[in-house]
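Chains, contacts and geometry: an overview
The chain contents come next:
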Amino acid sequence: MNVFLKLGATLASLAAGMLGKKVVDIVWRKSTGKESPNMMDADAQREQSLRQVLAFTVFSSIVMGVIQVLTNRGTQRAIQKFGRNLDEV
């Protein structure tokens, strides 16, 4: 596989991860009215109930898992598409 395609896939994964974190934080703030537990300092985290922290963990894991699958599929499709085009050239 081409080095540029590997680099592009890595950058796409990093960008998707950062975007996913922002989405999780925004949705959590809109739905609960509080900052997400990972955005709080240590003292504020201790004030959160275990139920809230576990709910955030489950929610963020699901969102990140979906984003990871979609990113992997998209990069694989792009690699196959560009791989065929590189062979034709």
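1. Overview of the environment of Lys-6
Here Lys-6 lies in helix H1 (residues 3–32). The exposure class assigned to Lys-6 is partly exposed, which follows from its relative accessible area of 46%. Sequence-wise, Lys-6 and Thr-75 are 69 residues apart; in three dimensions their C-alpha atoms are separated by 9.3 Å.

2. Some remarks on the packing of aromatic side chains
This model, assessed by the stated rule, comprises one aromatic pair. Taken together, a centroid distance of 5.3 Å and an interplanar angle of 80° make the contact between Trp-28 and Phe-56 edge-to-face. Within this pair, whereas Trp-28 is found in helix H1, its partner Phe-56 is found in helix H3 (residues 50–88), the two being separated by 28 residues in sequence. Here the two residues Trp-28 and Phe-56 agree in accessibility, since each one is buried.

3. Focus on the confidence of the model for the protein chain
The predicted model of the protein chain has a mean per-residue pLDDT of 82, with 89% of residues at 70 or higher. The spread of mean pLDDT over the elements of the protein chain runs between helix H2 (residues 42–47), the lowest at 73, and H1, the highest at 87.

4. Side note on H1
What sets the pattern is the α-helix's 3.6 residues per turn: residues three or four places apart point alike. Along its 30 residues, H1 runs 43 Å from first to last C-alpha, staying within 8% of the 44 Å computed at 1.5 Å per residue. Residues Leu-5, Ala-9, Ala-16, Gly-20, Val-24, Asp-25 and Trp-28 constitute the buried set of H1.

5. Quick look at the pattern of salt bridges
Evaluation of the coordinates by the stated rule reveals two salt bridges. Between Asp-25 and Lys-21 there is a salt bridge; the shortest N-O distance is 3.1 Å. Of this pair, Asp-25 and Lys-21 both sit in helix H1, four residues apart, which is roughly one turn of that helix. Judged by relative accessible area, Asp-25 falls into the buried class, the value being 6%. Measuring nitrogen to oxygen at the nearest pair gives 3.2 Å for the salt bridge that ties Glu-35 to Arg-29.

Parameters and conventions
Residues numbered from 1 in each chain as written. Predicted model: local features only at pLDDT ≥ 70, side-chain atom pairs only at ≥ 80, totals over all residues. Heavy atoms only, no water. Helix = DSSP H or I, 4+ residues; strand = E, 2+ residues; numbered from the N terminus. Buried < 20%, exposed > 50% of the residue type's maximum accessible area, 1.4 Å probe, protein only. Phe/Tyr/Trp six-rings, centres within 6.5 Å; stacked < 30°, edge-to-face > 60°. pLDDT = per-residue confidence, 0-100. Expected span 1.5 Å × (residues − 1). Salt bridge = Lys/Arg side-chain N within 4 Å of Asp/Glu carboxyl O.

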